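Given next are the chains, with one letter for each unit.
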Amino acid sequence: NAGVTQTPKFRVLKTGQSMTLLCAQDMNHEYMYWYRQDPGMGLRLIHYSVGEGTTAKGEVPDGYNVSRLKKQNFLLGLESAAPSQTSVYFCASSPKTEGGTPQHFGDGTRLSIL
Amino acid sequence: DQQVKQNSPSLSVQEGRISILNCDYTNSMFDYFLWYKKYPAEGPTFLISISSIKDKNEDGRFTVFLNKSAKHLSLHIVPSQPGDSAVYFCAAPNNREYGNKLVFGAGTILRVKS
């Protein structure tokens, strides 16, 4: 009963390095999301996807890219990491319904950029 | 523009008493509100929701009240238990835009003392 799985759980990067965060869901959900959580700011949407092969920008997309080549996977990439991207990143998924359908979250990736 | 606001960063309550967590919003177009609970090192988990056509929704020890005229909602936990100690986020889906995207408040840390 995995739900939403994020890898890795922790990572330390140097400024300018690149990396990819992986999110996998086994609930056959259409919608997937990437959020970042910073102290005192709640969760802010980075990018999202409403289906395989589609992506769209959220509230804070700069410095990130995403891909959804398979329905169950949603990848978040940092091409050139910056200290301002130090954060906890959460992936979520939800069925293709509107009207307040809850999103299911992974346990997060804690990323530090030195 | 912070559409969902949780103005109390933290709340401390004695075990067995009532916990009241508050949330204000500015967007009158929100038609659902959700509460999420988050433990350290875990992702947010859905707790309870309310439709904007209702003023109350109850689920066990958890009740959410909605006052549309005041653009205010509150989560009541009765009786509070030490296991309720967590961060609570208020959220609303921005249904003007496709994809069931959520707008989150900054969260309130609840500490239940035994």
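Relevant structure appears above.
As the structure is a computational prediction, the values presented were derived from the model and not from experiment. (Residues numbered from 1 in each chain as written. Chains lettered and ligands numbered in written order. Predicted model: local features only at pLDDT ≥ 70, side-chain atom pairs only at ≥ 80, totals over all residues. Heavy atoms only, no water.)

A. View of the environment of Gly16 of chain B. Positionally, Gly16 of chain B belongs in the loop between strand E2 (10–14) and strand E3 (19–25). Sequence separation between Gly16 of chain B and Ser52 of chain B is 36 residues, and the spatial gap between their C-alpha atoms is 30 Å. (Helix = DSSP H or I, 4+ residues; strand = E, 2+ residues; numbered from the N terminus.)

B. View of a nonpolar patch on the surface. A surface patch of nonpolar side chains, about 220 Å² in accessible area, is lined by Ile18, Ile20 and Val78 of chain B. Structurally, the position occupied by Ile18 of chain B is in the loop between E2 and E3. (Patch = residues over 30% accessible without salt bridge, like charges linked within 9 Å, V, L, I, M, F, W, Y side chains within 5 Å. Areas by Shrake-Rupley, 256 points an atom, 1.4 Å probe, with all protein chains shown as cover. Salt bridge = Lys/Arg side-chain N within 4 Å of Asp/Glu carboxyl O.)

C. Main features of the environment of Gly16 of chain A. Residue and element names in this part refer to chain A. Relative to the helices and strands, Gly16 is located in the loop between strand E2 (10–13) and strand E3 (19–25). Taking the relative accessible area as the measure of exposure, Gly16 reaches 38% and is therefore partly exposed. Along the chain, Gly16 and Leu114 lie 98 residues apart, while their C-alpha atoms are 9.5 Å from each other. Dropping the residues within four chain positions of it, Gly16 is found in contact with Glu79, Ser80 and Ala81. (Buried < 20%, exposed > 50% of the residue type's maximum accessible area, 1.4 Å probe, protein only. Contact = heavy atoms within 4.5 Å.)

D. Local environment of the pattern of salt bridges. Residues and elements named next belong to chain A. Scanning the entire structure with this criterion turns up 5 salt bridges over all chains. Ionic pairing is found between Glu30 and Lys71, a salt bridge with its closest N-O pair at 3.0 Å. Note that Glu30 is positioned in the loop between E3 and strand E4 (31–37) and Lys71 in the loop between strand E7 (64–67) and strand E8 (73–78), a separation of 41 residues in sequence. A salt bridge links Asp38 to Arg36, with the nearest nitrogen and oxygen atoms 2.9 Å apart. Each member of the pair Asp38 and Arg36 is classed as buried. It is possible to trace a salt-bridge network through shared partners that takes in Arg36, Asp38 and Arg44.

Purely spatial values, then, with no claim about function.
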